[in-house]
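A structural walkthrough
As a plain string of letters, each chain reads:
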Amino acid sequence: MYDEYALMLARIQFAFTISFHIIFPAITIGLASYLVILEGMWLKSKKQVYLNLYDFWLKVFAVNFGMGVVSGLVMAYQFGTNWAGFSNFAGSITGPLLTYEVLTAFFLEAGFLGVMIYGRQKVGPGLHYFATIMVATGTIISTFWILASNSWMQTPQGIEIVNGQVIPVDWFAVIFNPSFPYRLVHMTVAAFVATSFFVAASSAWHLLRGNRTPEVKKMLSMAMWMALISACVQVVVGDLHGLNTLKHQPAKIAAMEGHWENIGDEPTPLILFGIPDNEAERTKYKVEIPALGSLILTHSLDKQVPALKDFPKDERANSLVVFWTFRIMAGLGFLMVLAGFWSLWLRKKNTLFDNKLFLRFIFLMGPSGLIAILAGWFTTEVGRQPWIVYGLMKTKDAVTLHPVGHMSLSLGLFVVSYFLLFGIGIYYMLQIVRKGPNQHSEHLPFQPHNLFSSQDEEH
Amino acid sequence: MNYGGIDFTLVWLAIILFGLAMYVIMDGFDLGIGILFPFFKHKEDKDVMMNTVAPVWDGNETWMVLGGAALMGVFPVAYSVILSALYLPLIFMLLALIFRGVAFEFRFKADESHTKYWDASFFFGSLIATFFQGVVLGAIIEGMPVVDRQFAGSSFDWVAPFPLFSGLGLVVAYALLGATWLLIKTEGALEAQIRRYSYVLTALFLLTILIISIWTPLAHDTIASRWFSAPNFYFLMPIPFIVALVGMLLLYTIKIRHSHYPFFMVLILMLLGFVGLLISLWPNIIPYDVTFWEAAAPIESQVFMLIGTLLILPVILMYTGWSYYVFRGKVRPGEGGYH
């Protein structure tokens, strides 16, 4: 059982490190764009409220970015340390895409981050705004390359296989593979959704505690507009992504639906709840709605969705896991849309900042975007199994079989250090959020040079 | 891999070596600052030291990510063999870099009473990361057996005198780089203290170079025959003399209190060491079984990456230089932070 254990430990290690990692870039992507908007509004209107918000969220951004960088460093090396078979087989695809990510995104972010965080008094406002824009651009470019690489592993094309190695023949086809556009938009929008609920929950917390400065109100208002728009867009994008997955990875959809076999010509039902049993090959205790599966996934009432039993047993993903992670993601998405429309209704009634029930709900929804992202990634990554490169290479052939002792040691170290360090980091982030943005005072004269030092209260 | 008269693999080798040199120099001095941390007692001094690199360390470390990515893209065989052979030292290095990296932000966010923990995290992180980088380098010089494009040695091969010593050697080298960087960025009593350390570190560094230069050819016949056979010997003979000369210049420039020259002298010494290493290992990427060409990725990957790299790398160097320019000059207590 040596191999089984080593493979399992390698998979747990990868899932653990990337799950922690993905939280930080998701917030980074959203906050970077938020900061661009805030600084732009400040430059245009010269209203102090925007600058106060910028300085406030910049601190959160900096802590979050630091954690993203160091946890990302691990990812760049883990392909080699733990997945030598994969690197050997597909390094000629993943390596160049990752290299482009470093060249066009990481350097851009790192190069301008220093100016963005420390450079306000060293460069003019125009250059400083340029630095903010460059950092935000870097986060989007980074998403582009990493999603291209991941999507290629999901829907590979543009290659030949010679002597057990992937040879790229058409880079355009490699990058713009069939699932790439959907994944890219889905993930980017997810980052915006997650950030807007994080920001909204922060302001809801302050409002509930009686902190009703213009900054706090502005934060909630901007975040709820963003939440409404991005959550609604996400519903459409998610639907299109689902259709795309059905076309290219039908086994994944079948596992997500807990759908084992089609009966005659009947349209496929939608199983709302149930417990897929991979051994017994059926979904227990299911609550289903007839034909709705066909309607959602094929946009018709008569076409059938492929079922799990249509695929060999050793080429099916773990249905129990993806069935539930998918429902967590979709369920949270539904609540997000609800929150968005609720805010719209309260705006109309002019009670957005006063409705306690709404504010409490929004506060609880704070981590919802991040949970949805994690659940979504589990759905798509576990759903791809047993393949690491869909249809081309199985995960068990990709792993480096280190001694189980080493793998356990390194996994243990990762778990302990990540929980310790990132736990503390998230605590610091929440501490900053708890202090809230600088209070807006109309009476103080505008003093651009003291903007950073005047609020030097936490160190 | 020759294609249209151009050896792309060779071009790539040059780019990766350039990236590696950039990494060693730039992350070298900021890791060095971490190594020197416990030798400074006052919190203000530590703040200044950290603030000399806070705006740039992230960019410095990006060269390491580039190294990993480009190695995977251009030399996938070397990437998978070397990284799986050196699994434990690399994992330790990555974990240490995490502890050190978060300290930059956390140290200024923590309660005053907790600062010491982040000081420790910064010091041990820098020390351990540097040590294991040296171990990795030493283990590569030692060579690793490869069968069927896979590592065929044991996972503790790196626990040997030479890799462990080269780990210590790199600690000394980075500490000296860090110290001479601080000579540029600090003033007053802090600068005087660093100058005193710089003498000691220079002596230790020259001693390390001497030991490694004797040890390497003694332990590796291939390297010995490379250096001590005619006509190589005559071409290579000046190198030790140049090292000695630059070493003396280094001590002299520290003595006359020049702010920038000592740092550049250390850079020259490290580049010489780098060249020496390249001469010793040529043409192997995994000593002594796999050459650069044997480990290379398909030409399609190399060309695709090269187009972008040649266009983008100069731009990166430009804005990196600009960022260093924005934060030029001495860092004084109480400034440089946004915290």
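The residue numbers shown here count from 1 along each chain, following its written sequence. For this description, chains carry letters from A and ligands carry numbers from 1, given in the order in which they are written. Note on the predicted model: pLDDT of at least 70 is required for a residue's local features to be given, and 80 or more for side-chain atom pairs to be given and counted; whole-chain, interface and lining totals, by contrast, use all residues. Excluding hydrogens and water, the side-chain values take into account all heavy atoms of the structure.

What follows is about the overall build of chain A. Numbering of helices and strands starts at the N terminus; helices are DSSP runs of H or I of at least 4 residues and strands are runs of E of at least 2. What chain A contains, in helices and strands, is 13 helices and six strands. Here the C-alpha coordinates of chain A stretch approximately 75 × 50 × 40 Å along the principal axes. Relative accessible area decides the class of each residue, using a 1.4 Å probe on protein chains only: under 20% of the type maximum gives buried, over 50% gives exposed, and in between gives partly exposed. Counting across all 459 residues of chain A, residues that qualify as buried make up 60%. In chain A, the share of contacts with a sequence separation of at least 24, taken over all contacts with a separation of at least 6, comes to 78%. The contact criterion used throughout is that any non-hydrogen atoms of two residues lie within 4.5 Å.

Within chain B, the secondary structure is distributed over 13 helices and six strands. Atoms considered for the radius of gyration are the C-alpha atoms alone. The globule rule reads 2.2 Å times the number of residues to the power 0.38. Here the C-alpha atoms of chain B give a radius of gyration of 21 Å, agreeing with the 20 Å that 2.2 N^0.38 yields for 339 residues. Along the first, second and third principal axes, the C-alpha atoms of chain B reach 55 × 40 × 40 Å. Across the 339 residues of chain B, 59% fall into the buried class.

As a further point, take the nonpolar core. Think of a nonpolar core as a cluster: buried Ala, Val, Leu, Ile, Met, Phe, Trp, Tyr and Cys residues, connected wherever their side-chain atoms sit within 4.5 Å. Membership of the largest hydrophobic core comes to 244 residues, with the highest contact counts inside it found for Trp57, Phe61 and Phe422 of chain A together with Phe75 and Leu86 of chain B. It is helix 2 (residues 48-82) of chain A that provides the largest number of residues to this core, a total of 22 residues. Setting aside residues no more than four positions away along its own chain, phenylalanine 422 of chain A makes contact with Phe20, Phe24, Met67, Val70, Ser71 and Ser417 of chain A together with Ile98 and Val102 of chain B. Of all hydrophobic cores here, the second largest spans 12 residues; its members include Ala254, Ala255, Val305 and Leu308 of chain A.

The next point concerns the packing of helix 2 of chain A against helix 4 (residues 76-85) of chain B. At a minimum axis separation of 7 Å, helix 2 of chain A and helix 4 of chain B run at an interaxial angle of 85°. Taken together, helix 2 of chain A and helix 4 of chain B sit at an angle that is classed as roughly perpendicular. Taking contact as the criterion, the partners of Ala76, Tyr77, Phe79, Gly80 and Thr81 of chain A in helix 2 of chain A are, on helix 4 of chain B, Tyr79, Ser80, Leu83 and Ser84 of chain B. Angular values range over 0 to 180 degrees, each being the angle between N-to-C directions of two axes fitted as lines to C-alpha atoms, with helices fitted over their stretch in contact. Angle categories are assigned with fixed cut-offs, so that under 35 degrees is roughly parallel, over 145 is roughly antiparallel, 65 to 115 is roughly perpendicular, and the rest are oblique.

All names here are of chain B. Within the element layout of this structure, glutamine 150 appears in strand 4 (residues 150-151). A relative accessible area of 51% places glutamine 150 in the exposed class. Between the C-alpha atom of glutamine 150 and that of valine 77, which follows or precedes it by 73 residues, the distance is 7.9 Å. Every residue in contact with glutamine 150, bar those within four places of it in the chain, is listed here: Val81 and Pro145.

Attention shifts here to the packing of aromatic side chains. Each pair of aromatic rings taken from Phe, Tyr and Trp, with Trp reduced to its six-membered ring, is defined by centres within 6.5 Å and is described as stacked if the planes are under 30 degrees apart, edge-to-face if over 60, and tilted in the remaining cases. Using the criterion set out here, one finds 56 aromatic pairs over all chains in the structure. On the basis of an interplanar angle of 50° and a centroid distance of 5.3 Å, the ring pair of phenylalanine 92 of chain B and phenylalanine 132 of chain B is categorised as tilted. Of this pair, phenylalanine 92 of chain B sits in helix 5 (residues 87-109) while phenylalanine 132 of chain B sits in helix 6 (residues 115-142), placing them 40 residues apart in sequence. Summarising the aromatic geometry, the rings of phenylalanine 263 of chain B and phenylalanine 264 of chain B are spaced 5.9 Å apart at their centres and angled 65° between planes, so their arrangement reads as edge-to-face. Accessibility expressed as a relative area gives 6% for phenylalanine 263 of chain B, which makes it buried. Aromatic rings pair up to connect Tyr100, Phe144, Trp145, Trp171, Phe172, Phe176 and Phe180 of chain A together with Phe304 of chain B into one cluster. Taking the ring centre of phenylalanine 108 of chain B as reference, the NZ or CZ of arginine 107 of chain B above it sits at 5.4 Å. For a ring to carry a charge above it, either NZ of a lysine or CZ of an arginine must fall within 6 Å of the ring centroid while also lying within 35 degrees of the normal to the ring plane.

Turning our attention to the pairing of strand 3 (residues 270-277) of chain A. All names here are of chain A. Where strand 3 meets strand 4 (residues 282-289), six bridges bridge the pair, whose relative direction is antiparallel. Considered in strand 4, the bridge of proline 276 is made with threonine 283. Two strands qualify as a pair provided DSSP detects at least 2 bridges between them. Connecting the antiparallel pair strand 3 and strand 4 is a turn made up of four residues, with glutamate 281 showing a positive phi of about 60°.

With that settled, the discussion passes to the interface of chain A and chain B. One frequently used descriptor of interface size is the decrease in accessible area upon assembly of the parts. Between chain A and chain B, the contact holds 77 residues from the first and 67 residues from the second. Taken together, the two surfaces of chain A and chain B that pack against each other cover about 6600 Å², and 75% of this comes from carbon and sulfur. Once two parts are put together, the accessible area they lose, assessed with a 1.4 Å probe and summed over both, is termed the buried area. When residues of chain A are sorted by the area they lose upon contact with chain B, Tyr77, Phe107 and Tyr118 of chain A head the list and together hold 12% of the total. Pairs of N or O atoms are called polar contacts if they sit within 3.5 Å, as long as, within protein, a hydrogen donor faces a hydrogen acceptor (for residues adjacent in sequence, only side-chain-to-side-chain pairs). Between the two partners, chain A and chain B, sit 13 residue pairs in polar contact (both at pLDDT 80 or more). Every element with two or more residues in the side of chain A that touches chain B is listed here: helix 2, helix 3 (84-118), strand 2 (165-168), helix 5 (171-175) and helix 13 (404-435) of chain A. Broken down by element, the residue count for the side of chain A that touches chain B peaks at 26 residues, all from helix 3 of chain A.

Take the pattern of salt bridges next. The rule for a salt bridge is simple: a side-chain nitrogen of Lys or Arg has to be within 4 Å of a carboxyl oxygen of Asp or Glu. The tally for this structure, following the rule as stated, stands at 16 salt bridges over all chains. Of the charged contacts, one joins aspartate 397 of chain A and lysine 396 of chain A as a salt bridge, the two residues approaching to 4.0 Å between their closest N and O atoms. Judged by its relative accessible area of 45%, aspartate 397 of chain A falls in the partly exposed class. Owing to a relative accessible area of 54%, lysine 396 of chain A belongs among the exposed residues under this scheme. For the salt bridge of aspartate 27 of chain B with arginine 100 of chain B, the shortest nitrogen-to-oxygen distance reads 3.9 Å. With aspartate 27 of chain B in helix 1 (residues 8-36) and arginine 100 of chain B in helix 5, this pair connects stretches of sequence that are 73 residues apart. Here aspartate 27 of chain B falls in the buried class, since its relative accessible area comes to 0%. Note on arginine 100 of chain B: relative accessible area 0%, which makes it buried.

Attention shifts here to helix 6 of chain B. The length a helix should cover is 1.5 Å for every residue beyond the first. Look at helix 6 of chain B: 40 Å from first C-alpha to last across 28 residues, which is about the 40 Å you get at 1.5 Å a residue. Downstream of helix 6 of chain B by one or two residues, glycine 143 of chain B has phi in the positive range, about 95°.

For the rest of this paragraph, the subject is the confidence of the model for chain B. One number per residue, pLDDT, summarises how confident the predictor is, and it ranges from 0 to 100. Overall, the predicted model of chain B reaches an average pLDDT of 86, with 97% of residues at or above 70. Listed scores for the predicted complex are pTM 0.88 and ipTM 0.88.

Our next topic: the packing of helix 10 (residues 319-349) of chain A against helix 12 (residues 368-384) of chain A. Two measures define how a pair of helices packs: the angle their axes make with one another and the distance between the axes. Residue and element names in this part refer to chain A. Between helix 10 and helix 12, whose axes approach to 8 Å, the crossing angle comes to 150°. When the interaxial angle is binned, helix 10 and helix 12 end up roughly antiparallel. At the point where helix 10 passes helix 12, the crossing takes the left-handed sense. Residues Val321, Val322, Thr325, Phe326, Ile328, Met329, Leu332 and Met336 of helix 10 lie in contact with helix 12, whose contacting residues are Ser368, Gly369, Ile371, Ala372, Ala375, Gly376, Phe378, Thr379, Val382 and Gly383. Each residue gets one label: Ala, Val, Leu, Ile, Met, Phe, Trp, Tyr, Cys and Pro are nonpolar, Asp, Glu, Lys and Arg are charged, and the others, such as Gly, are polar. Looking at the contact of helix 10 with helix 12 residue by residue, the class counts come to 12 nonpolar, six polar and no charged. What makes a crossing left-handed is the near helix being turned counterclockwise from the far one by less than a right angle; a clockwise turn instead makes it right-handed.

Mean pLDDT for chain A: 86, with 95% of residues reaching 70 or above. Note that residues 441-459 of chain A has pLDDT below 50 and, in this model, 27 contacts with residues that lie over four places away or in other chains.

So, on to helix 2 of chain A. For helix 2 of chain A, built from 35 residues, the straight-helix expectation of 51 Å at 1.5 Å per residue is met to within 8% by its first-to-last C-alpha distance of 50 Å. Most pronounced at alanine 76 of chain A, the bend in helix 2 of chain A amounts to some 35°. The reported bend at a residue is simply the angle between two axes, fitted to the 7 residues ending at it and to the 7 residues beginning with it.

So, on to the environment of glutamate 39 of chain A. Residue and element names in this part refer to chain A. Within the secondary structure layout, glutamate 39 lies in helix 1 (residues 2-45). Glutamate 39 gets classed as buried once you look at its relative accessible area, which sits at 0%. Considering only alpha carbons, one finds glutamate 39 and aspartate 55, 16 residues apart in sequence, at a separation of 9.4 Å. Those residues in contact with glutamate 39 that sit more than four places away from it in its chain are Tyr54, Arg120, His128, Tyr129 and Thr132.

Detection works on a 1 Å grid of protein atoms alone, calling trapped sets that fit a 1.4 Å probe cavities and calling open sets with protein on both sides within 12 Å along at least five of seven lines pockets, with lining residues defined by an atom within 4 Å of a point. Grid points are joined across faces, edges and corners, and a volume is the space filled by probe spheres set on the points. For the coordinates displayed, the defined rule picks out three cavities of 30 Å³ or more. In this structure, the largest cavity occupies an estimated 140 Å³ of space. Forming the boundary of the largest cavity are 15 residues, of which Leu113 and Ile117 of chain A together with Ala54, Trp57 and Glu105 of chain B lie nearest the centre. Looking at the lining of the largest cavity residue by residue, the classes come out as 10 nonpolar, three polar and two charged.

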